[in-house]
Amino acid sequence: MLKGFRFSAVDSLIPVTLAFCAGIAWANFAAVPLTISGIVIILLAIRLLVLHHNSTITGLILLAFFFMVGGVHATLALRPAANKNDIAAQIKQRQKVSIIGVISRSPTIRPTNTSLLIAIEQIITPKRRLRVSGLVKLSMRGLPSANLTPGDHIIALAELAPVAGYDVPGAFDYRSYLAYQGIRVSGWLSSPLLIRKVIPIPPDTLAAKLKNIPEIIRQRLGRRLDQSVPAQSGIYKALLIGDRAGLSQDILETFKACGIVHLLAISGIHMGLLALVVTLCITWLLKRSQWALFNIPISKTAAVLSLPPLILYALIAGFHPPAVRALIMVAVFIGALLVNRQWSIMNNIAIAALVILAINPALLFTASFQLSFAAIISIAIFLPTLGKIITRTPTGKDKRPKAARRFINWCLFSLLISLAAMAGTAPILIYHFNRISLISPLTTLLIEPLLCLWALIWGLIASLFLAVPTLATPLFKIGALGITMAVKLASFFAAWPVSLWLPSPTWAQIFFWFLALILSSLYLRKRRNVFIVGILISLAIFFWPAPHAPGRQTLVDILNVGHGSASILQLPGRHTFIIDGGKRQAGQSTFNAGRNLIAPFLWHQHIKSIDAIIITHPHADHYNGLFFIMKRFQPKTLWINSEDYDERGFKDLLTLARRLHIHIKIAAEKDILYQDGPVKLTVIANLYADTARTKKLSRQERDSERNNQGLVLRLEAGQRSFLFTGDIERSAEQRLIAESQPGELRADVVKVPHHGSRTSSSPDFIGAVMPRYAIISAARNGRGIFPAPEV
């Protein structure tokens, strides 16, 4: 029962914060939004709080009150009311328009493209000119004009469309990620020349100019880092200004393998360590003053004086959500110190969460928020036990010098703190990223000081002299030494086979993992053996494998990979087949269909291994995602139409298959690749043509001919049937019709040939298949018209 709900009581805000979070979650996931009904219940709760004095009833009403407040607050933030002047209400489909607006953030420059965030004011079409509001994310190839800075008014000719996502279960939800930032429309500039700076009439107010100062500082600081330490600028910009766009894939992979990628983002760790260093320095200075020692509380004064440097850091980072969240967390703990409540750690954590979610409820659903609070909560519940390591009295047998003992104890304490943080974040890391590094506590302990206590501090000092390059550049170079050493250490540890890829845990598994942690902390505090049973049971449930599909069920999933193809067959006996796996790559895009879409879906389905991969034909948009899949899921067999192709990517895939000891087989017509009772996967045809003839064709003709050389497959599952056609065109369709048995091509569901191209799906072929459903895998904005209107 809830008793004595007094805000002065230790941990009294924990249930209140949990109720507030529950209300936010309800608003996001429930079909019925909490608006008018929620406001009525809030008013009723306030009335009941005035009438009732029983502590239990008051506590329950208070929880209901904060649940409804969280729900209404999140409903208004996550489900904004319809507004005809909002850009999202005007742009319902892709269209080319002229836009007028203000650059809201410093440009995000990546190896493949540049992104701009525009606070839009007007859109202009051939028929009308509308005043609108809202945010638009614009992308372009190449670099924007050097004179474009945050706060500039611009006019641009762009193609706008509602933000699109892949909507693949388990994959990163890009649409929601942008919606939580208030971005529901994105656009494309075909050339940097199509955006120009304009002079606003009337001029911007002083308040508007001041608002853009943080972003202007970020932009100038990023440019200075590029000029001063070009080799380390990507990591330095991530540490200082929260811009990770310049990080190479190699660096990201190295830090992910070591379990320290969180060090490349502005977080509570950075802010907390900076606060600690500044506080210690100020404390040391104040203790040099006799007046200060006798007249002011040294520790509290030092904590308060550490706030300006922390605010400066958040300012340099552009006051973006991660920086603001970290600042609030540290500020809450400094406030607790001022009122002598620094040891009410869980209550302080609850206050910080409540304040952060009151500002932006959408943060509750972000991985960074969840990981930050999971880490600090886990540390808090184990801290009473771990603190004994520092304060323990040495035995008479310990002959080591006092300084050596303290150093060893602090190292052990730091390592155990990292282990506690890892224990708290492990299920969330696996849920969001399907990956965890076993050496993360060790690498964090070794590399964190190089980045946070060396590079970051020197970078902040250098930032103070940003207007004086002769001073800033040497300071940045001194800080970059820590980054260089950190990268070398990370590369050394990344070579160790300690990075695990795991299926997504269920919510039940996550619950029992945290239950095991809580029981473990209680056991360590009270030494009650009864907790051991609960710990073992909870851990057993967490590690018990979650089945993917029921043993006798057949599931067919055709994933949205844009212009490409990927189909997952879950067959009786827990067998899994993949038919194709790739998407068209735009330029030097680092997006990989296997790593970003197919693998997350498999892990979301709790699939750890696959039986076979089938490649219908060797076009990159059908296989370029399979490199990652073969490495992580170790299929037993790779079925192809032929090895006689000179395409480099396809040859590299076959080489990888041989290195992984995957059996490569060429599928023959009428081969049965799988059969279990009424469920059968059959090769209808292998349309591979004579290679001697294709070599005489032009490259374009050979590429087109390759479409007509693929595998055509049919899956029968009881009363249902599926036809997988690859990229066949009309000539191959006619050949199939002529050579197949009556009814052999019939299917309930057809994977439409060649992404819905006009060169395929002839009336005769559709008549022979007679499908009830037709599925087309095509990009929304790819080259050409896919699917063709006539198809």
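Refer to the structure printed above.
Notes on the structure follow. The model shown is predicted, which means the values in this text are computed figures rather than measured ones.

### Here's the deal with the pattern of salt bridges
Phase 1: Considering all chains together, one arrives at 12 salt bridges under this definition.
Phase 2: Of the charged contacts in the structure, one is a salt bridge between glutamate 215 and arginine 218, with a shortest N-O distance of 3.1 Å. Remark: arginine 218 and glutamate 215 occur in helix H7 (residues 213–228); sequence separation between them is 3 residues, near one turn of the helix. Across the pair, exposure class does not vary: glutamate 215 and arginine 218 are buried alike.
Phase 3: Glutamate 744 is paired through a salt bridge with lysine 670; the nearest N and O atoms lie 2.6 Å apart.

### Topic: the nonpolar core
Nonpolar side chains tend toward joint burial in soluble globular proteins.
Phase 1: By size, the foremost hydrophobic cluster in this structure holds 57 residues, and its most contacted members are Ile235, Tyr236, Leu240, Phe255, Leu451 and Phe476.
Phase 2: Sort the elements by how many residues they give to this core and helix H19 (residues 469–494) lands first, with 9 residues.
Phase 3: For phenylalanine 476, the residues in contact, after removing those within four places along its chain, are Leu221, Arg224, Leu225, Ser228, Val229, Tyr236, Leu240, Gly459, Ala462 and Ser463.
Phase 4: Counting residues in hydrophobic clusters, the runner-up holds 34 residues, among them Ala566, Ile568, Phe633 and Tyr645.

### Observations regarding the sheet that holds strand E22 (residues 773–775)
Phase 1: The 6 strands are arranged E17-E18-E19-E20-E21-E22 in an open sheet whose pairing can be described as mixed. Pairing within the sheet leaves two strands with one partner each, and these edge strands are strand E17 (672–676) and E22. Each strand axis lies, on average, 15 degrees off the axis of its neighbour in the sheet, ignoring direction.
Phase 2: Pairing analysis gives 7 bridges linking strand E18 (residues 679–686) to strand E19 (residues 711–717), with the strands arranged antiparallel. Along E19, the bridge assignment pairs leucine 681 with leucine 715.

### Describing helix H14 (residues 321–338)
Phase 1: Between the first and last C-alpha of H14 there are 25 Å, a value that for 18 residues agrees with the 26 Å anticipated at 1.5 Å per step.
Phase 2: Within H14, the full set of buried residues consists of Ala323, Arg325, Ala326, Leu327, Ile328, Met329, Val330, Val332, Ile334 and Ala336.
Phase 3: Asparagine 340, located one to two residues past H14, shows a positive phi value of around 60 degrees.

### Overview of the packing of aromatic side chains
Phase 1: This structure, assessed with the given rule, holds 22 aromatic pairs.
Phase 2: Judged by centre distance (5.7 Å) and plane angle (25 degrees), the rings of tyrosine 180 and phenylalanine 365 are stacked. With tyrosine 180 in the loop between helix H5 (174–179) and strand E7 (183–189) and phenylalanine 365 in the loop between helix H15 (345–359) and helix H16 (367–391), the pair connects residues that are 185 residues apart, well separated along the chain.
Phase 3: Looking at phenylalanine 365, the relative accessible area reads 16%, which means it is buried.

### A few points about unusual backbone geometry
Phase 1: A positive phi is found at phenylalanine 319, a non-glycine position, where the angle reads about 50 degrees.
Phase 2: Structurally, phenylalanine 319 can be placed in the loop between helix H13 (307–316) and H14.

### Considerations on empty space enclosed by the protein
Phase 1: As enumerated under the stated definition, the model contains 2 cavities of 30 Å³ or more in all.
Phase 2: For the largest cavity, the calculated volume is near 50 Å³.
Phase 3: Lining of the largest cavity is provided by Ser565, Ser567, Ile579, Asp580, Thr616, His622, Phe724, Thr725, Gly726 and Lys751.
Phase 4: Contributing elements (two or more residues each) for the lining of the largest cavity: strand E12 (564–571) and strand E13 (575–583).
Phase 5: Partitioned by chemical class, the residues of the lining of the largest cavity number 2 nonpolar, 6 polar and 2 charged.
Phase 6: Taken as a whole, the second largest cavity spans an internal volume of roughly 40 Å³.

Criteria and thresholds
Residues numbered from 1 in each chain as written. Predicted model: local features only at pLDDT ≥ 70, side-chain atom pairs only at ≥ 80, totals over all residues. Heavy atoms only, no water. Salt bridge = Lys/Arg side-chain N within 4 Å of Asp/Glu carboxyl O. Helix = DSSP H or I, 4+ residues; strand = E, 2+ residues; numbered from the N terminus. Buried < 20%, exposed > 50% of the residue type's maximum accessible area, 1.4 Å probe, protein only. Core = buried A, V, L, I, M, F, W, Y, C linked by side-chain atoms within 4.5 Å. Contact = heavy atoms within 4.5 Å. Pairing = 2+ DSSP bridges. Axes fitted to C-alpha atoms, helices over the stretch in contact; angles between N-to-C directions. Expected span 1.5 Å × (residues − 1). Phe/Tyr/Trp six-rings, centres within 6.5 Å; stacked < 30°, edge-to-face > 60°. 1 Å grid on protein atoms, 1.4 Å probe; cavity = no way out; pocket = protein on both sides within 12 Å on 5 of 7 lines; lining within 4 Å. Points joined across faces, edges and corners; volume = space filled by probe spheres on them. Nonpolar A, V, L, I, M, F, W, Y, C, P; charged D, E, K, R; others polar.

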